[in-house]
Every structure is written in structure tokens, then in C-alpha cells.
Amino acid sequence: MFTTLDRLKRPDPVIFAIVALLCASTLVVYLQHRALVALDRQTAVILQKVAEQTATAVNLEIRRTFDGPVFDVLPAVNHPLLAAGRLDLLAPHYAKGLNAYPHVERFFVWSELTEAVAPGEVLFYGGRGSTPVSRAEGERDPLHLFYRDSPMGRRVLETARRYAKSQRIYAAVSERIGQTPYDFFVRLLYTDAARTRFFAVLGFLVNLDTVRTRLFPALYERQFAALLDPRDGSPPFQMQVVDDTGRIVFGGRMALPAVAARSRFALQFYPEEDIGPRMASGIPSRQWTLVISPRAQSASSTIASTRTQSYWLSGLSVLLMIVALAFAVQSRKRAEQLARVQADFVAHVSHQLKTPVSLLSAVGETLALDRVRSPEKLAQYVDIVRGETSRLSALVERILEFSRAGDSRRGYELEPVNLAVLARETVEAFGRALSSNGYRIQVVDTGAAPVVVADPAAIEQALVNLLDNAIKYGGESREVTVQVGITRSDATIDVIDRGIGIDPGERARIFERFYRGAGAAMNRRGFGLGLAIAQELVAAHRGRIEVESTPGSGSTFRIRIPLGHAAAEHEPRRILPGFWARLRGPRMAGEARRRGTA
């Protein structure tokens, strides 16, 4: 009583396992979430740093492009050559400058040589349209690559002469010519160190409208694409340029993420820090803004990919814990089921043993007290002893059969077996004990005589168990049919009854140990081991048992054994002749001796 109460009060360990699993899963998910939040922050910091470095690199490229004509093109031809009128040497450098620096619309030049051709104005190289200034035979003329644009040329030369009075070398001017805003950059070359008279003027023009529409797309294609969209697996970036009024010049309107680097640059097309002291005039600073940010899809996909991998790993961990718990719960259920089955088995065996033991005890007590006087009464008591002893022997034999069938170390005595002969002899021996009860077992001769390599005692025992099952659940019908045949590469033995049949829901479980279906209520004999033993014996020969059944119309159990070869799963080993016969009881032993196997 106290043990039962203690068991009821004792907590179920599975509940603790479930609670522990839920806590562990929650902890894993929480820690994973915290780690991902920290990872997102670190990713954002890294992207911010990379964006800032990229913005710095792009800004340097812009500055280098803006300063390039002053550093590379204008100083390319030295004073003596320009003084000698070698403008043919200047033209190739202007051509390279137009190709390298897309913000320059055209270069210009003035000297005594150009003054003789176009008085009071500079000559231009590059740009749209031209009025050739060649005076002689084309290519021999050093001015054949230059052209005149009189209104623009006079304005530039006037600007140069105006700022030459300051005796400075450089001048930058922003003017509107017609409807177009321009920036002029002028370099003056003097004849003497006192800078009282200049002999040449060099420079270039920048169309500010073109800068807004064409400069940054051209720079992106030439220089920035490799920085913003690297091919080494680094995250790609997008670029936006905003002018000093807040108007977007390049990049269009785009949703900028929180991670973005902004860098300001001066829209001045000369290196003010380097030549500022030598400039007669400068252009007011126009501060434009460069914005570099990760592409929205790239940033989100990078973070999403990281999240996916992390959640996948944590999800797999949780799944494995759940699977482990499921196996533990299933194992516990199997253990509980086995415990119940064993308890039922012990109770059933006790019930089966109780009656014969009680009768034998009563008979023994009666005989011991010498109360039997007549020979007829004595014979009756002897019959009771013989019958109950036989019943006890059958019960013990069933238990031994089950233990032997489940022994994986058991060997088989293999030999060629004619299944038709074995089935007929087994049915004859089995049917003798049933003829007095009105049962009739018929062997149908199909003409087939399949021969298999098997242990005849094991196949015989499997067939006996199927016959016993057919008799138990034969219902009102007392007829059983046995039929031997060949199907493809298998030999078959069919045991057909016309009894109660098997419900479809129970068909998958009838070969389980100790399982007894709903029809077992009509038959108290047996432990639910006969079909399990038969299946294990047949499976040891690489065969199988198939079932076809219709509730209320009967069942057909078919043994299939491969033809012509040994089918045992283990290496066959010889056992003592007649071992099976001696363990099967007096009835089967006698039949075995008649067949010469005992």
C-alpha cells in the first residue's frame, strides 16, 4: 500500500526531461538572438568603416581628377619651346588631357604665333564645333589642330590680361557666357622674372552644366566602379553626389540605410592648397557632398545570410534535442509496454498453471490418503494426472519455444527438405489429437513438390504454430486447408481457415510478442507467442509470412521460403540429431522418431 502511494507521489522523470529540454531550447534561442544582435552591430560597424574608407578613396580620386590638368597637362611643354612657337608639341598633351579628365570641355592657348592668326583671342583645342585656323599646307602648320571661337576666345584673353597686372601665375574665374556657366583656369607665362610681360597663355574651360550631367557618370564608369563594386567578395556600395544647394547630381533618390559615409569635396578644378599663393583670382568654394553606403540588397542579404546560418544551427541543435527526447519518451513507452506485457504474461501463465497444479495437488492428496478403492476410480485419477501433466508440458514447451526462437546464437541443421512431404506428415501428426473433437485438416495436392535447404524441425514448428492458430480462431468452422506450391523463386505453404478473420487494424500487430487481438477473448489458451515464433523461424531462413484475411470469412497465412539454397542468416552449425524432437513433447517426438529424425 505504501509502495503504491510512494509511486503515485513520485514525479515522472520524463516531465523533468521535457522541462529541461524546453529551458535548454529557450536558453539556446535567447543566446542565439543576443549573439545575432551583437553580430548585427559588429557588421554595421564594419560596414561603416569600409564605407568611410571607400568614401575617402573616391574623394581622393575626385580630387586627383580635378587637379590633374593643372599638374599634368599645362606644365607638359616648357617655356623655351612655347617661346619658340612649338604649339605642335602642345596639341598631343591637350589630347591626352581631354581623354583623361572628362570635366574639361576644351583647352586653349595664346602666343605671338596665335596673335598673328587670331588677334585679341585665344585658340581652342577640343570641344564642339570649330573654325580651323590653318594658314598654310595643313599638317605642316603647328596651328592646324586648333580652332577659333571668337566670343569665348576674346573673353578668356581679356581675363588673362586683366589678372596679369597682379603679376601672378594663375587665375580662376567663374563666368556665364550666354546661358552656360563656365569656370576658366588661366596660366600665364612671363618673359622675365619680374613678370612685367607675358608671352603665352595656357588654360582650360569647364562647362558646369556638363559637370552636373556627365562628369560623375563618366568617372563612375572609368574609376569608381572598381572601388564600389569589388570582385573579391567584399560588399558592394552605392554612390550619391549632392551639390551645395542639396540637389542630387548623381545616384538618384535612393533609400539610404543607417550605415552611410558622407564626405565633402570642393567643386574647384585646381589645387588651391598648392598654388593658392600664386593665384591672382580664385573661385568661391562650392562644397558638394559625396555619400557612400552599402547597397540595400547587399547589406540586408549579408545580415540575412548570417541570421539564416545562425538560426539554422540553433534550430538544428533544438531539433536534435527534441529528437533525443522523442526517442527517450518512445523508449520509456516501449519499456512500460513491455513491463505490462510481461506482467500480463506472468498473470496468464499463472492462470494457465493454476488449474492443472490444483488438480494434480488434489489428486495427489487423495491418492496419498488412500481414499481410492475401486479400479475404475483409480484409472480416472490416473487419466487426470496424465492429462494435466500433458497440459503442463505443453505450457512449458511454449515458453521454451519462445526463448529458443529469440536466441540469435542458435544454429540450424540444414538439409534438403521436400515441403510437400513435410507438410503432409506434420498435418497427419497434428490432426490425430484433433480428430476426436471434429476438426478436419485437409492437405490439397497441387502437384508441386518444392525442395528447399532448411531445418525441417524449424519449418515444422512454424507450420504447427500456424495450424494451432487456425484451430484456435476457426470459430464455428472446424476445417483447415494446407496447400503447398511454388511462386516465382519461392516455395509456399498456405494455411487457410474459415474462421473469424482478422480486423485490418490488428493485422500489423499480430506478429508482435504477447499480442492477442480482439478474437483472443473467445480463446483463453495461448500467450500470444505462436505467430511471433513462426515469423522468427521463417525469417531465419530468409523467408517471410504473408497474411490475407477478411473479417468473418477466414484467414490465409502463407509461408514463403527461397528455393534451392541455404537461407539461414548465420553460418549453419550442426546440432545434435533429434534436439528439436526431444523438446517438442511426446506427441511430436514420436512422429519424429517415425520419420527417422530422432
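Residues numbered from 1 in each chain as written. Predicted model: local features only at pLDDT ≥ 70, side-chain atom pairs only at ≥ 80, totals over all residues. Heavy atoms only, no water.

(A) Fine view of unusual backbone geometry. A positive phi angle is found at Arg488, which is not glycine, with a value near 55°. Mapped onto the fold, Arg488 is located in the loop between β14 (479–487) and β15 (490–497). With a phi angle near 60°, Arg542 is a residue other than glycine that sits in the positive phi range. Residue placement: Arg542 occurs in the loop between α13 (530–539) and β16 (544–550). What makes Arg542 exposed here is its relative accessible area of 51%. (Helix = DSSP H or I, 4+ residues; strand = E, 2+ residues; numbered from the N terminus. Buried < 20%, exposed > 50% of the residue type's maximum accessible area, 1.4 Å probe, protein only.)

(B) How the structure looks around the packing of aromatic side chains. Tallying each qualifying case throughout the model produces 18 aromatic pairs. Pairing Tyr94 with Phe146 gives two aromatic rings, centres 6.4 Å apart and planes at 75°, and the pair type is edge-to-face. Of this pair, Tyr94 sits in helix α4 (residues 87–100) while Phe146 sits in the loop between β2 (123–125) and β3 (147–148), and the two are 52 residues apart along the sequence. With respect to burial, Tyr94 and Phe146 carry one shared label: buried. Note on Phe124 and Tyr147: the rings are 6.2 Å apart at their centroids and 35° apart in plane angle, and the pair reads as tilted. Taken together, the positions of Phe124 in strand β2 and Tyr147 in strand β3 put the pair 23 residues apart, joining distant regions of the chain. Of the two residues, Phe124 and Tyr147, neither departs from the other in class, the shared state being buried. Here the aromatic cluster, defined as three or more aromatic residues joined through ring pairs, consists of Tyr94, Phe107, Tyr125, Phe146, Tyr170, Phe185, Phe204 and Tyr270. For Arg106, the ring lying beneath its charged end belongs to Phe124, and the centroid distance is 4.7 Å. (Phe/Tyr/Trp six-rings, centres within 6.5 Å; stacked < 30°, edge-to-face > 60°. Lys NZ or Arg CZ within 6 Å of the ring centre and 35° of its normal.)

(C) Highlighting the side chain of Glu175. For Glu175, the location among the structural elements is in strand β4 (residues 170–177). By relative accessible area, which is 17% here, Glu175 ends up buried. At a separation of 2.8 Å, a polar atom in the side chain of Glu175 contacts the side chain of Arg155. (Polar contact = N/O pair within 3.5 Å; in protein donor to acceptor, adjacent residues only side chain to side chain.)

(D) Representation of the packing of helix α11 (residues 419–432) against helix α12 (residues 456–472). Close contact between α11 and α12 brings their axes to 10 Å; oriented N to C, the two are set at 50°. With respect to α12, the axis of α11 lies oblique. Remark: the crossing between α11 and α12 carries right-handed chirality. Along its contact with α11, which presents Leu419, Leu422, Ala423, Thr426, Val427 and Phe430, the element α12 presents Pro456, Ile459, Glu460, Leu463, Val464, Leu467, Asp468 and Ile471. Broken down by class, the residue content of the contact of α11 with α12 amounts to 11 nonpolar, one polar and two charged. (Axes fitted to C-alpha atoms, helices over the stretch in contact; angles between N-to-C directions. Parallel < 35°, antiparallel > 145°, perpendicular 65-115°, else oblique. Left-handed = near helix turned anticlockwise from the far one by under 90°. Contact = heavy atoms within 4.5 Å. Nonpolar A, V, L, I, M, F, W, Y, C, P; charged D, E, K, R; others polar.)

(E) Focus on the packing of α12 against α13. Running from N to C, α12 and α13 point in directions that differ by 150°, and their axes come no closer than 9 Å. As judged from the angle between their axes, α12 and α13 are roughly antiparallel. Of the two elements, α12 crosses α13, and the hand of that crossing is left-handed. For the pair α12 and α13, the contacting residues are Ala458, Gln461, Ala462, Asn465, Leu466 and Asn469 in the first and Gly530, Leu531, Ile533, Ala534, Leu537 and Val538 in the second. Here the residues of the contact of α12 with α13 are counted per class, giving eight nonpolar, four polar and no charged.

(F) Broad picture of the pairing of β14. Pairing of strand β12 (residues 440–444) with β14 involves five bridges; the strand directions are parallel. Note that in β14 the partner of Arg440 across the bridge is Glu479. Pairing between β14 and β15: eight bridges, direction antiparallel. Residue pairing for β15: Thr481 is matched across the bridge by Ile496. The turn joining β14 and β15, which pair antiparallel and follow one another in sequence, is formed by two residues; a positive phi near 55° is taken by Arg488. (Pairing = 2+ DSSP bridges.)

That's the geometry; what it means functionally is another story.
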